[in-house]
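So you can see what is in the structure, the chains are spelled out below.
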Amino acid sequence: MRRAGVVALNTFREAVRDRVLYNLVFFALLMMAAAIAVGQISIGIEQTVIVSLGLSAISVIGLLISVFLGVALVSKEMDKRTLYALLAKPVRRWEFLLGKFAGLVLTLAVNTAAMALGLLLVLIYVKHSLERSDAVVLVAVYFILLKLALIVALALLFSCFTTPLLAILFTVGLYIVGLYVQELRNLPVEVMSPAMAAFTKWLSYLLPNFENFNVMAMAAHGRAVPGALILQNTLYTVVYCTIVLTAAAAVFSRRNLK
Amino acid sequence: MKSQNPIAWVLLLVLPLGFAGVWRLQHGIDAQRASLSQERDDVLLRSGKLVKVMSLEYAPLLADIYWTRVVQYYGNKHVRGQANLELLWPLLDITTTLDPNLLISYRFGAMFLSQAAPAGAGRPDLAVQLIQRGIQANPDYWRLYEDLGFVYYFDLKNYQKASEAFLEGSKRPNAQLWMKIMAAKVAAEGESFETSAFLWKDIYESTPDPSVKKNALLHLQLLKVKEDCRQLDLLADEYAKRFGKRPARMSEMVQAGLLRGIPGDPLGFAYIFGEDGKAELNLDSPLLEQQLLLERFK
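Residues numbered from 1 in each chain as written. Chains lettered and ligands numbered in written order. Predicted model: local features only at pLDDT ≥ 70, side-chain atom pairs only at ≥ 80, totals over all residues.

1. Looking at the overall build of chain B
- Per the secondary structure count, chain B includes 13 helices and two strands.
- Counting contacts in chain B only where the partners sit at least 6 residues apart, residues at least 24 apart contribute 48% of the total. (Helix = DSSP H or I, 4+ residues; strand = E, 2+ residues; numbered from the N terminus. Contact = placed C-beta atoms within 7 Å.)

2. Points about the packing of helix 6 (residues 124-137) of chain B against helix 7 (residues 142-155) of chain B
All names here are of chain B.
- Two elements in contact, helix 6 and helix 7, have axes whose closest approach is 9 Å; the angle formed by their N-to-C orientations is 165 degrees. Here helix 7 runs roughly antiparallel to helix 6, going by the angle between their axes. Our pair here, helix 6 against helix 7, has a crossing hand that is left-handed. On helix 7, the residues that touch Pro124, Ala127, Val128, Ile131, Gly134 and Ile135 of helix 6 are Leu144, Tyr145, Asp147, Leu148, Val151 and Asp155. (Axes fitted to C-alpha atoms, helices over the stretch in contact; angles between N-to-C directions. Parallel < 35°, antiparallel > 145°, perpendicular 65-115°, else oblique. Left-handed = near helix turned anticlockwise from the far one by under 90°.)

3. Digging into the interface of chain A and chain B
- Listed by partner, the interface residues are 16 residues for chain A and 18 residues for chain B.
- Every element with two or more residues in the side of chain A that touches chain B is listed here: helix 3 (46-79) and helix 10 (216-220) of chain A.
- Among the elements that make up the side of chain A that touches chain B, the one with the highest residue count is helix 3 of chain A (five residues).
- Grouping the amino acids of the side of chain A that touches chain B by side-chain chemistry returns nine nonpolar, seven polar and no charged. (Nonpolar A, V, L, I, M, F, W, Y, C, P; charged D, E, K, R; others polar.)

4. Side note on the environment of Glu57(B)
- Turning to its location among the elements, Glu57(B) is positioned in the loop between helix 2 (48-54) and helix 3 (59-80).
- Along the primary structure Glu57(B) and Leu234(B) are separated by 177 residues, whereas in three dimensions their C-alpha atoms are 63 Å apart.
- Setting aside anything within four residues of it in sequence, one finds Glu57(B) in contact with Leu179(A), Asn214(A) and Met216(A).

5. Digging into the confidence of the model for chain A
- Scored by pLDDT, chain A comes out at a mean of 87, with 98% of its residues at no less than 70.
- Within chain A, the element-level pLDDT minimum falls on helix 2 (residues 23-41) of chain A, averaging 75, and the maximum on helix 6 (residues 135-159) of chain A, averaging 95. (pLDDT = per-residue confidence, 0-100.)

6. Details of the packing of helix 3 of chain A against helix 5 (residues 93-127) of chain A
Residues and elements named next belong to chain A.
- Close contact between helix 3 and helix 5 brings their axes to 10 Å; oriented N to C, the two are set at 165 degrees. As summarised for this structure, helix 3 and helix 5 are arranged roughly antiparallel, according to the angle between their axes. At the point where helix 3 passes helix 5, the crossing takes the right-handed sense. Contact residues: Glu46, Gln47, Ile50, Gly54, Ile58, Gly62, Ile65, Ser66, Leu69, Gly70, Leu73 and Val74 in helix 3; Lys100, Leu104, Leu108, Asn111, Thr112, Met115, Ala116, Leu119, Val122, Leu123, Val126 and Lys127 in helix 5.
- Grouping the constituent residues of the contact of helix 3 with helix 5 by class yields 14 nonpolar, seven polar and three charged.

7. A closer look at the confidence of the model for chain B
- Summary statistics for chain B give a mean pLDDT of 85 and a share of 92% for residues scoring 70 or more.
- Scored as a whole, the predicted complex attains pTM 0.73, and scored at its interfaces, ipTM 0.71.

8. Here we look at helix 5 of chain A
- Here helix 5 of chain A spans 50 Å end to end across 35 residues, near enough to the 51 Å set by a 1.5 Å rise per residue.
- In the segment just after helix 5 of chain A, His128(A) is the residue with positive phi, at about 70 degrees. (Expected span 1.5 Å × (residues − 1).)

In structure tokens:
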């Protein structure tokens, strides 16, 4: 585990060296522009739009980082041939994968925390104070981080057995499908054969449900998120990431690296 | 001595001159295009449900964008004095489908829809539909019942329905006491100066938006004018009883002791008697234009 920690720390350092955190400047500019502009061009949605825009930006920026960097975690090491030097040391392949995953999640956590801080500062600027109900914004940010961790795990899995381009397509595709899992569950079973109905039902539970993490509307309107949902989503992410990372480790351990 | 790069000198010359030329050309192109194209308003996707599905997980942000479009669309039409607001409903429909909890879109949207042109779209029926949709999604928010009562009272003149809306709203959490009183008063009296003034005053005091505040103030001023003119006409009737003819000027009523001084409208312009002998706004009063505009579209 210590070895995985070393890989994680180096992955974080590499991301910082690659200027991944520069997106924070873009986020800051976006939020400042929104804070100034919204009051001028709309009515009564200053707070709502700041929260919606802030959370959407955190989500989109995080998505881009998690998909592109998540896929590059393994492929870049292979292309640069640094993976061979690393695996020649006493580092197991699963430890390498786990370290890479943890490193990128740490990068995302730092990035997301910084953006959340920026969002709260803009909220204070707009509202002149923070209320207890604004804590839901932090819950929404936490849910975004959980979602990103799951996406990193999926990107890592796909990058273990296919090309980076296909891995990106698979990850983005699964993310979009994961947003409509509820729709899959609501398909009219009357028009389907029993076997098909059972299949879609099972499929809807097997696929990652990204809609679980979407509390943006609640955050925008200052509605509290139940503590049970926070716990359930945390457990869901831990369990799902464990499944995906185990599958990734299994695939990667059998992969011929010659 | 090191030789200077001639291309650098050319670039220094070309950059400002070139961009100055581009600037001028673009102005010319803009002018050409403005004369060619007509204003085009369009909502390409009219299905709120489809837009919601396509928005992935960003429906709340998209709702804010659509709401801003509503405000901009209404504002632009309002500034140009255009009465055609046919896209207002589809835009509000999409906004509220994307975010059913965006309360401001029901409240202001209903106001934009219900008021007679040019202040609104003149569609109180759609305003009622919008508020009822808002109530369905936010049943505990008493202000929506107030808005519903407002539309029934002012625009549809359905005092029974207005009273029911105020009464229903008074039962919601945090509803103000006057909702219950208003329900009884509207049911008993229908339209009255006090009720109308109270409702507009509440809008004036509770809205955060300057343009809505201005609109509410205008209605309050015009209500005051209406009430003042009614009172002055009663006094003119009294004058006619005493002197056998209606007064031609306010000063005659002052001389007769019926008025202490020449009364003015909320902007300070003295009221006058029109050709029909009825009290009315001074021709110099800016309120006259607003009054005529509102009456024209009633």
